Amino acid sequence: MTSSERSDLLRLVLASGLALFVELALIRLIPGQVRVVGYYTNLVLIASFLGLGIGFLVAEARVRLERFLLPMLLGLMGLVRVFSGIVVENPDQTDEPMWLFGQDGGLGLEVPIWAVVLVHFIAVAACLVPVGQLMGRLFGRLPRLRAYGADLIGSLLGVVGFGVLSAMGTPPLLWFGLAGIATLSVVEGVPWKALGGASLLALLGVVHTMTGGDRIWSPYYMVELEQVGPGLEQLSTNGTPHQVMLDFTEPTDYIQRTRERFEIPYRQAESLDRVLIVGAGTGNDVTMALAMGAQHVDAVEIDRTFPRIGAERHPQQPYADPRVTLHITDARAFFQQAEGPYDLIVFGTLDSQALLSGFSSIRLDNYIYTQESFDGAMDLLGPRGMLAVFHLSQRFYIADRIERMLEVAGDKPPAREFFEEHTLFNFLFMQGPTVAPRQRTPGEQARIETELVPTDDWPFLYLRHRTVPAHYLQVLAGMLVVSVLGIGAALRGRTHGFDVPLFLLGAGFLLLETSSVTRMSLLFGSTWAVNLLVFTSILTVLALATTYVRKREDAGRPLETRSLFGALVALLVASTLVPVRWIAGLPEVATWVLGGLLVAGPIGVAGLLFPTLYARAADSRVAFGSNLLGAILGGTLEYTGMALGVRSLGLMAAVLYLVAMMLVERKATAAG
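Residues numbered from 1 in each chain as written. Predicted model: local features only at pLDDT ≥ 70, side-chain atom pairs only at ≥ 80, totals over all residues. Heavy atoms only, no water.

**Details of the packing of aromatic side chains**
The geometry of an aromatic ring pair is captured by two quantities: the separation of the ring centres and the angle between the planes. Taken as a whole, this structure holds 31 aromatic pairs when the rule is applied. Ring geometry for Phe396 versus Phe418: centroids 5.3 Å apart, planes at 55°, classification tilted. You can see Phe396 sitting in helix H13 (residues 396-410) and its partner Phe418 sitting in strand S12 (residues 415-418), a full 22 residues away along the chain. On the basis of relative accessible area, Phe418 is assigned to the partly exposed category, the value being 39%. Through a chain of ring-to-ring contacts, the aromatic side chains of Phe56, Phe139, Tyr148, Phe610, Tyr614 and Phe624 assemble into a single cluster. The ring of Tyr397 carries the charged tip of Arg464 above its face, separated from the ring centre by 4.5 Å. (Phe/Tyr/Trp six-rings, centres within 6.5 Å; stacked < 30°, edge-to-face > 60°. Helix = DSSP H or I, 4+ residues; strand = E, 2+ residues; numbered from the N terminus. Buried < 20%, exposed > 50% of the residue type's maximum accessible area, 1.4 Å probe, protein only. Lys NZ or Arg CZ within 6 Å of the ring centre and 35° of its normal.)

**Remarks on the sheet that holds strand S13 (residues 427-431)**
Judged by pairing direction, the sheet is mixed, and its 7 strands sit side by side in the order S9-S8-S7-S10-S11-S13-S12 without closing on themselves. Taken across any chain shown, the strands that pair with only one partner, and hence form the sheet edges, are strand S9 (324-328) and S12. On average, each strand axis in the sheet is inclined to that of its neighbour by 15°, with strand direction left out of account. The pairing of strand S10 (residues 342-347) with strand S11 (residues 381-391) spans 5 bridges and is parallel. By the bridge assignment for S11, Tyr342 is matched with Leu381. Most of the contacts of helix H12 (residues 371-379) go to S11, to which it runs at about 140°, and overall it touches S10, S11 and S13. Each of S11, S12 and S13 is contacted by H13, which is oriented at about 10° to S13, the strand it contacts most. (Pairing = 2+ DSSP bridges. Axes fitted to C-alpha atoms, helices over the stretch in contact; angles between N-to-C directions. Contact = heavy atoms within 4.5 Å.)

**Quick word on the nonpolar core**
The biggest cluster of nonpolar side chains holds 152 residues, and the ones touching the most others in it are Tyr40, Met77 and Tyr657. Considering each element in turn, this core owes the most residues, 17 residues, to helix H4 (residues 113-141). Ignoring anything within four residues of it in the chain, the contact list for Met77 reads Leu26, Leu29, Phe176, Leu203, Val206, Val207 and Met210. Formed by 34 residues, the second largest nonpolar core is a distinct cluster that contains Phe248, Ala280, Ala388 and Leu424. (Core = buried A, V, L, I, M, F, W, Y, C linked by side-chain atoms within 4.5 Å.)

**A look at the pairing of strand S4 (residues 222-229)**
Pairing of strand S3 (residues 216-217) with S4, which is carried by 2 bridges, proceeds in the antiparallel orientation. Across the sheet, the residue bridging to Trp217 is Met222, located in S4. Of the pairings in the sheet, the one linking S4 to strand S5 (residues 232-237) comprises 6 bridges and is antiparallel in character. Looking across to S5, one finds that Val223 is bridged to Thr237. Hairpin connection of S4 to S5: 2 residues between the antiparallel strands, including Gly231 at a positive phi of 70°.

**As for the confidence of the model for the protein chain**
Put simply, the protein chain has an average pLDDT of 89, and 93% of its residues get 70 or more. Of the regions scoring below 50 in pLDDT, residues 101-106 engages in 18 contacts with residues more than four places distant in sequence or in other chains. Per-residue pLDDT stays below 50 along residues 355-359; that stretch engages in 30 contacts with residues further than four places along the chain or on separate chains. (pLDDT = per-residue confidence, 0-100.)

**So, the pattern of salt bridges**
Here the structure, examined in full by the defined rule, presents 26 salt bridges. Where Asp456 meets Arg332, a salt bridge forms, and the shortest distance between an N and an O atom there is 2.9 Å. Taken together, the residues Asp456 in the loop between helix H14 (442-449) and helix H15 (470-491) and Arg332 in helix H11 (residues 331-337) connect sequence positions 124 residues apart. No difference in accessibility class separates Asp456 from Arg332, as the two residues are buried. Linking Asp457 and Arg647 is a salt bridge whose minimum nitrogen-to-oxygen distance equals 3.8 Å. Separated by 190 residues along the polypeptide, Asp457 in the loop between H14 and H15 and Arg647 in the loop between helix H22 (641-644) and helix H23 (648-671) bring together distant segments of the chain. Overall, Asp457 belongs to the partly exposed group, its relative accessible area being 22%. Residue classification places Arg647 among the partly exposed positions, given a relative accessible area of 40%. One network of salt bridges, with partners in common, ties together Asp400, Glu403, Arg404, Glu407, Arg416, Arg438, Arg440, Glu444 and Arg447. (Salt bridge = Lys/Arg side-chain N within 4 Å of Asp/Glu carboxyl O.)

**Observations concerning the sheet that holds S3**
Reading across from one edge, S3-S4-S5-S6 is the order of the 4 strands in this open sheet, with antiparallel pairing throughout. Single-partner strands in this sheet number two, and they are S3 and strand S6 (240-246). Sheet topology note: the S5/S6 ladder contains 6 bridges and is antiparallel. Note on S6: the bridge partner recorded for Leu235 is Gln243.

**Some words on the pairing of strand S7 (residues 274-278)**
Burial runs high along S7: 4 of the 5 residues are buried. Between S7 and its parallel partner strand S8 (residues 296-301), the chain crosses via helix H9 (residues 284-291), and the hand of that crossover is right-handed. Here 4 bridges tie S7 to S10, and the two strands are oriented parallel to one another. By the bridge assignment for S10, Leu276 is matched with Ile345. (Right-handed = clockwise from strand over helix to strand, strands pointing away.)

**Here we look at the packing of helix H16 (residues 500-524) against H23**
Their axes nearest at 8 Å, the elements H16 and H23 cross at an angle of 160°. When the interaxial angle is binned, H16 and H23 end up roughly antiparallel. Where H16 crosses over H23, the two elements pack in a sense that is left-handed. Residues Val500, Pro501, Leu504, Leu505, Ala507, Gly508, Phe509, Leu511, Leu512 and Thr514 of H16 lie in contact with H23, whose contacting residues are Leu649, Met652, Ala653, Leu656, Tyr657, Val659, Ala660, Leu663 and Val664. For the contact of H16 with H23, the per-class residue count stands at 17 nonpolar, 2 polar and no charged. (Parallel < 35°, antiparallel > 145°, perpendicular 65-115°, else oblique. Left-handed = near helix turned anticlockwise from the far one by under 90°. Nonpolar A, V, L, I, M, F, W, Y, C, P; charged D, E, K, R; others polar.)

If you want it as structure tokens, here you go:
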């Protein structure tokens, strides 16, 4: 390898790492400022693939666009700053209730949802074009599989680096500062470095105005604290009210009314020797459990930031009590590992307001409110134990679904309390052997019996129907139109060079990744650490597979694609048909082994298939760009899980791979 090749490989590793790092930074930052974008978290992912793919298609352009990356990021942050102060139209009649209050920054503007989302989609895509062009130029100068291997190494470094910074609670000012330094290192020419340096300083200034001050950055949210009344300290996450720490000694009507409602399940429980609280947050529920005489409390919270704030600021200091054991994990993972029995299990007002990952439209709390989740909680109760669920339901059908799931889990209607003048919640449900069932009217009975029941395959408590809501369809249609126009402009009539099979592979792989993340979250939890482990494992498997393919190609023994396609489709179908609950019920070691195989198997075969086909492509840059652009189709299809269920994503991926196989074989037949 020449010194020039080594230099290009290092630059490619840096550029690829920069692309992933910037993408993850935008996924974290933008929803914290423009709340509605949080409902389309994979928007940034899809936009990034569009920008990178277009960059590969224009790699031969004379203008070196990386010179303008920092000015473009400055423009994007300015746009985000403006849109953080607008009012987003929040229509009442939607298939999904949306928390969009708190968006008014005093500008007096009211903008439709689709317009806000599409503007950010275009702006994010534009910012990634320069990085894609730089990567495309480097791909064109290097042996293609070495270039792809370097790309994977850079992606791995970008993911791990950002994951470490998130775990440390670092602010966006540091993220964009590091990204800016990396960008300046690949920009050539003193005038262009000066432009980039000036843009970086301005960029950091804008970011600081949006994210500085007393804001706290957890691995999931931007957290802000505000005293909103006597004994009331409010926590907002990503700009939306999320929790309120209560000083239960304050004699205000609001706090005492809330306390009385909190006490209901504790007064009805026959024993409080062992209490489990999921969604413990800053400690209100833990405080009540201790005050009502609990001998031991297991407090489960997915985000360590909230208990830390509670330990520092909650007036009753519940986490300092020796009777409390704190568990930083998600509720579903704890249910699988916990040893019962419990006398009382309390579901706090869990509402994550964050998505499972940038690859998925599933919220962190969606898998808490499924039939399998309530069944698992009931299994941990003692013979006289009780399950209590507090919830703030915006619409009555949401409460009806929770009641229906508890009825199925406990073989009888649960007790149900509705508080018309709500405080932190407006519903309380109780289920267990000692709980008297609610007496329903015939109309209520018919309505609840026919209500949709969320399951691990369709974990959408808040969707009114098994459908993709209209506001998603509007945005997705706009994104596809923008993508087609952008790709067409980049190709400039060179449609003969576009690699359709690799495009389909890109779409299929994004669905495969989404399915893998979802499956692993059900098996081992949906914490940021599990997601980081999954993504780093995927990239590591891809890197190893690429090295193997490269050695086979160098030895003149290329892999046979038909068998790879067949194995991949078979594994996708198998992993889709095997229910997660079967694997979760195995001993822990067996769960790790079998769960890992069902996820790593398809990923590994897909990792062998892509470089095998990529090595034979006519134009390496257009082929790689085609693969990146395929993720746009995959990201769009991911939303169909709202109608068809999550397991359908694996089957859709299998169909995409089958179509790609037919096109590859037709091309081979025509060439032969």
